[in-house]
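What follows is each chain in one-letter form.
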Amino acid sequence: MSMSMSLRWFVLAMSINLIASVAIAAPKEKPRKGKPADQAILDLGATYTTNAQTRVDGNIDDWSTLSPLSFQTLIAGEYEYDWTGPQDLSAKVMAQYSEDRIYFLIQVKDNAVVSKKKQWKSDRVELWIAPESPTGKSLGAKRGILLDIGPMVDGGEPTVKFMSGKQGGVAAKAFIGTDGYDFEVGVDFAALGKTSPVMDGVMRYCVLVRDWDQDDPNEDEAAIATCPINPKKSSAIKTDQMGKISLNLADEIWSKVASLPDLQDGQTWTKYTADVAGTSTPEIVALGSTKLVVAGIGMHGDGLSWSVIDLPQNYEGTGAVEFKDISGDKKNEIIVRRSEHCTNGAIVAQRTYIFALVDGVLKLKASYLESQTDENDASNFVQNTYRWTKTGFEQKLGKSAGAEMTRCDPALDAETIPMLMPNDGEKMRKHDFL
C-alpha cells in the first residue's frame, strides 16, 4: 500500500473515532424540576378523639393506631440535585379531631435538618387549614400556621405561629431524630371561625414542607406538599385546591348511643342536630316511635353522655320536632308533635310535648293536646291554641265543630293538659311549665 493511501486510511479512522467520542460525550440531560402541578390534591382521613386522650405533648403514642398519608413528590427544586430520594425529603401526616380542636401529626424524613443562615431559611413546615360546611360554605378564615424547626436545631424552641392575623389557639411540640423531625399540632376551631364544622363538616388542609440541605451554595430549596401549592406564593392557595378532612362527630356519637341495649327494639329513628345543652357543640336528638334520645359531648361532665325518655306507644304517623329557646336560657327546648290515638272512642289527637335538658337529663316541661278529630268523621273536631312565655303557656279554645264530642283521653297521665271543649264554659286557661 502506498504512503498516500495509508495516510488517507489513518485520517478516515481518526475521523470515525472522533465522531464516536463526540457522541459518547453528549451533554447530560439537566435534572427535571418539580412544580406545583405535579402534586395531586390529597384528602386525609381523621378519627374522633378527646382532648384528654390526645395531647400536644410530643409523645406520639396517641397516634399509634392511625394509618398515615405519605407524600414525596417535588413541587420545587430539582430531582437528583436538590433531592436525592425519600431519605432526603419525604413526609407523612395524620389527623384527629375532638369537639373543639383538630390535631395533626406531621413526620418529616430529612437527612440534614438545618437552622437559618444568611443565604437560606431554615427547614420548616406550613400547615394551611380552612373550615367548611358539607356543602362547601366557608365557616371561617383560611389560616396558615408556620412550624419552623430551625431554632430547635440551635437549642431553642421551634417557631409556632399563625402566619397572619390574630395569634392564639394553636399549640405544637417538635422532636428531632436521626433521620428527620416531627411536629404534633393542635388547633382550636375557635381560632378559625365562630361555627365549628365538627358535627358534619369539612376541614380543608394542605401541608407544605420546605427543605434546605445547605451543603452546596448553588443548591435551591426543595419542597413537597399534599396539594398543588406554589411555595413562592403559598398564601395564595385557594381552598378548592386544598385536600379535605371529613369531620363527623354526629355519626361518632350516634353509633355509640344507638348500640345501647335499651335502644335495641327495632325502632326507626329520625335524627336532628341542635343545641339543647349549651355546650360547645350541638347535640344529637333522635325521635323514635316510643323514645326520645339526646346525646352529646359535655352534656353532663366530660366526654360522651346521653339521656333517654319514654313516650306513649299509642302513636300514629310521623312525628315532627322543633327546637326553640322558650325559657331564654340560650338552650333550645325540644318540641315534639305527634298524632296519637285516644283511649276512649274513635278519636285521634295531635299531641305536643315540650322537653328540656336539665343537668344532662331530659325532663318533660309540658304535654298538651292541640286538636282532636273523630276518626270516622273528619268534620267533627276541636282545636286549642297555645302561646308560650318564659315560665308557662296560655291555652285558648280555638276553631271547633264538635260541641258534643267526648274529650280525648290520650292515655292520660297527670302531666297532660286536657283539651278545652266548647261546652266547658271556659275560653282560656294559664299553666306553668312543669
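Everything numeric in this text was worked out from a predicted model, so none of it was measured.

Q: Would you explain the overall build of the protein chain in this entry?
A: Along its length, the protein chain carries three helices and 25 strands. By residue count, 46% of the 434 residues in the protein chain fall in the buried class. The contacts of the protein chain with a sequence gap of at least 6 include a subset with a gap of at least 24, amounting to 58%. Just so you have it, the protein chain exposes about 21,700 Å², and 52% of that area is on carbon and sulfur atoms.

Q: Would you take a moment to explain the environment of Gln 267 for this structure?
A: Checked against the element boundaries, Gln 267 lands in the loop between α3 (249-257) and β14 (270-274). Accessibility expressed as a relative area gives 12% for Gln 267, which makes it buried. If sequence neighbours within four positions are ignored, Gln 267 has contacts with Gly 288, Ser 289, Thr 290 and Lys 291. Separated by 2.7 Å, the side chain of Gln 267 and the backbone nitrogen of Ser 289 make a polar contact. At 2.9 Å, the side chain of Gln 267 and the backbone nitrogen of Thr 290 are in polar contact.

Q: Sorry if this is basic, but what is going on with the pairing of strand β12 (residues 222-225) here?
A: Both faces of the sheet carry side chains from a regular strand, because those side chains alternate between them. Alternating residues of β12 divide into Ala 222 and Ile 224 and Ala 223 and Ala 225, and every residue in both groups is buried. The pairing of strand β3 (residues 74-76) with β12 spans two bridges and is classified as antiparallel. When the sheet's bridge partners are listed, Leu 74 is paired in β12 with Ile 224.

Q: Please explain the packing of aromatic side chains as it appears in this structure.
A: Think of a pair of aromatic rings as described by two things: how far the centres are apart, and how the planes are tilted against each other in angle. Enumeration according to the criterion identifies 11 aromatic pairs in this entry. Where Trp 254 meets Trp 269, the ring centres are 5.6 Å apart and the plane angle is 70 degrees; that geometry is what we call edge-to-face. Taken together, the residues span a long stretch of sequence, with Trp 254 in helix α3 and Trp 269 in the loop between α3 and β14 at a distance of 15 residues. Trp 269 carries the same exposure label as Trp 254, and that label is buried. Among the aromatic side chains, those forming a connected cluster through ring pairs are Tyr 368, Tyr 386, Phe 393 and Phe 433. It is Arg 143 that lies over the ring of Phe 162; its NZ or CZ is 3.6 Å from the centre.

Q: Sorry, what's going on with the pairing of strand β16 (residues 291-297) here?
A: Of all the seven residues making up β16, seven are buried; the element is thus mostly covered by neighbouring parts of the structure. Neither face of β16 is exposed, since Lys 291, Val 293, Ala 295 and Ile 297 on one face and Leu 292, Val 294 and Gly 296 on the opposite face are all buried. Note: strand β15 (residues 283-287) against β16, four bridges, orientation antiparallel. Along β16, the bridge assignment pairs Val 285 with Val 294. Hairpin remark: β15 followed by β16, antiparallel, with three residues in the connecting loop. The sheet contact formed by β16 and strand β17 (residues 304-310) spans seven bridges and is antiparallel. Paired with Gly 296 across the strands is Ser 305, a residue of β17. Count of turn residues in the β16/β17 antiparallel hairpin: six residues, of which Gly 298 carries a positive phi of about 80 degrees.

Each value, and the rule that gives it
- Residues numbered from 1 in each chain as written.
- Predicted model: local features only at pLDDT ≥ 70, side-chain atom pairs only at ≥ 80, totals over all residues.
- Heavy atoms only, no water.
- Helix = DSSP H or I, 4+ residues; strand = E, 2+ residues; numbered from the N terminus.
- Buried < 20%, exposed > 50% of the residue type's maximum accessible area, 1.4 Å probe, protein only.
- Contact = heavy atoms within 4.5 Å.
- Areas by Shrake-Rupley, 256 points an atom, 1.4 Å probe, with all protein chains shown as cover.
- Polar contact = N/O pair within 3.5 Å; in protein donor to acceptor, adjacent residues only side chain to side chain.
- Pairing = 2+ DSSP bridges.
- Phe/Tyr/Trp six-rings, centres within 6.5 Å; stacked < 30°, edge-to-face > 60°.
- Lys NZ or Arg CZ within 6 Å of the ring centre and 35° of its normal.

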